[in-house]
Amino acid sequence: LAILTSCGGEKKEEQKKETIKLGVQKADEPKAEVSSDSNVAEIVIVGDDMMKFDLSEIKVKAGQKVKITLRHKGKMDVNVMGHNLVILNKGVDVADFGAKAAVARDTKYIPAGSENDVIAHTDLIGGGQTTTIEFDAPEAGTYDFLCSFPGHYALMKGKFIVE
């Protein structure tokens, strides 16, 4: 039993190190403006089959053109492990929005009538797929972002910070 426990612990530790390493590498991307146009922030965020985004914070400037690319590096189908990125307006309760989204299958888990709650959102994608959205950053402040696929918002969330 001690040998099995020891081996299992090492695997988990290796996986944790890899996840942390990926997060550190990608965390620098939102700060670097990839475009030659200094008024465009190009951000890449990656989701996986473990219900994790590689970023928990995205920073942009107020009024800046924002281009966010969501990549799903997993292998699972959109109906099993779909991901999107939804940026919520100030004051929108993440848990309340997540509960409404969970039953909004027909609208790809973006609740009907939530136009005033959402600043921008990507399409819902499955493993191996990529989607991109472009929008103008709102006024300065801190906004929540999440994946609205049922149950994912508890783990797949972060802060969209507009300076």
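All values derive from a computational prediction rather than experimental measurement.

Draft legend 1. Structural detail: the nonpolar core. In this structure, I45, V60, I68 and F160 are the most contacted members of the largest nonpolar core, which totals 28 residues. For this core, the secondary structure elements donating two or more residues are strand 1 (40–47), strand 2 (57–60), strand 3 (65–72), strand 6 (130–136), strand 7 (141–146) and strand 8 (157–162). Not counting the four nearest positions on each side in its chain, F160 is found in contact with I58, V60, V66, I68, I87, F135, P138, G141, T142, Y143 and F145. By size, the runner-up hydrophobic cluster in this structure holds nine residues, among which are V86, V92, V94 and V118.

Draft legend 2. Quick look at the pairing of strand 1. With seven of its eight residues buried, strand 1 lies for the most part within the structure. Judged from the eight bridges that link them, strand 1 and strand 3 form a sheet pairing that is parallel. Directly across from A41, in strand 3, lies its bridge partner V66.

Draft legend 3. How the structure looks around the sheet that holds strand 3. The strand order across the open sheet built from three strands is 1-3-6, with neighbouring strands paired in mixed fashion. In this open sheet, the two edge strands, each paired with only one partner strand, are strand 1 and strand 6. Direction aside, neighbouring strands of the sheet carry axes that sit 15° apart on average. Across seven bridges, strand 3 lies against strand 6 in antiparallel orientation. Directly across from K65, in strand 6, lies its bridge partner D136.

Draft legend 4. Spatial organisation of the sheet that holds strand 4 (residues 86–88). Across the sheet, which stays open at both edges, the five strands sit in the order 2-8-7-4-5 with mixed pairing between neighbours. Edge positions in the open sheet fall to strand 2 and strand 5 (118–121), since each of these has one partner strand only. Direction aside, the axes of adjacent strands within the sheet are offset by 25° on average. Bridge count between strand 4 and strand 7: two bridges; the pairing is antiparallel. Paired with V86 across the bridge in strand 7 is L146.

Draft legend 5. Spatial organisation of helix 3 (residues 94–102). For helix 3, every residue scored as buried is listed here: V94, F97, G98 and A101. Viewed end-on, helix 3 has its buried residues packed into an arc of 100°, placing them on one side of the element. Those residues of helix 3 that are buried lie in contact with strand 4, strand 5 and strand 7. Between the side-chain oxygen at the start of helix 3 and the backbone nitrogen of A95 there is a gap of 3.3 Å, and the oxygen is on D93.

About the cut-offs
- All residue numbers refer to position in the chain's written sequence, counted from 1.
- The predicted nature of this model means local features are confined to residues of pLDDT at least 70 and side-chain atom pairs, given and counted, to a pLDDT of 80 or more, with totals for whole chains, interfaces and linings taken over all residues.
- Hydrogens and waters are ignored; side-chain quantities use all the structure's heavy atoms.
- Working definition of a nonpolar core: buried Ala, Val, Leu, Ile, Met, Phe, Trp, Tyr and Cys residues. They are joined through side-chain atoms within 4.5 Å.
- Each residue is assigned to one of three classes by its accessible area relative to the maximum for its type, calculated with a 1.4 Å probe on protein chains only: buried under 20%, partly exposed between the two thresholds, exposed over 50%.
- Numbering goes from the N terminus for both helices and strands, where a helix is a DSSP run of H or I of at least four residues and a strand is a run of E of at least two.
- Residues count as neighbours in contact if any of their non-hydrogen atoms are within 4.5 Å of one another.
- For two strands to count as paired, DSSP must find a minimum of two bridges between them.
- Whenever a helix is involved, its axis is fitted only over the stretch in contact; in every case the axis is a line through C-alpha atoms, and angles between N-to-C directions fall within 0 to 180 degrees.
- This arc describes the spread of directions from the helix axis toward the C-beta atoms.
- Polar contact criterion, stated in full: a pair of N or O atoms within 3.5 Å, where within protein one must be able to donate a hydrogen and the other to accept it, and residues adjacent in sequence count only if both atoms are side-chain atoms.

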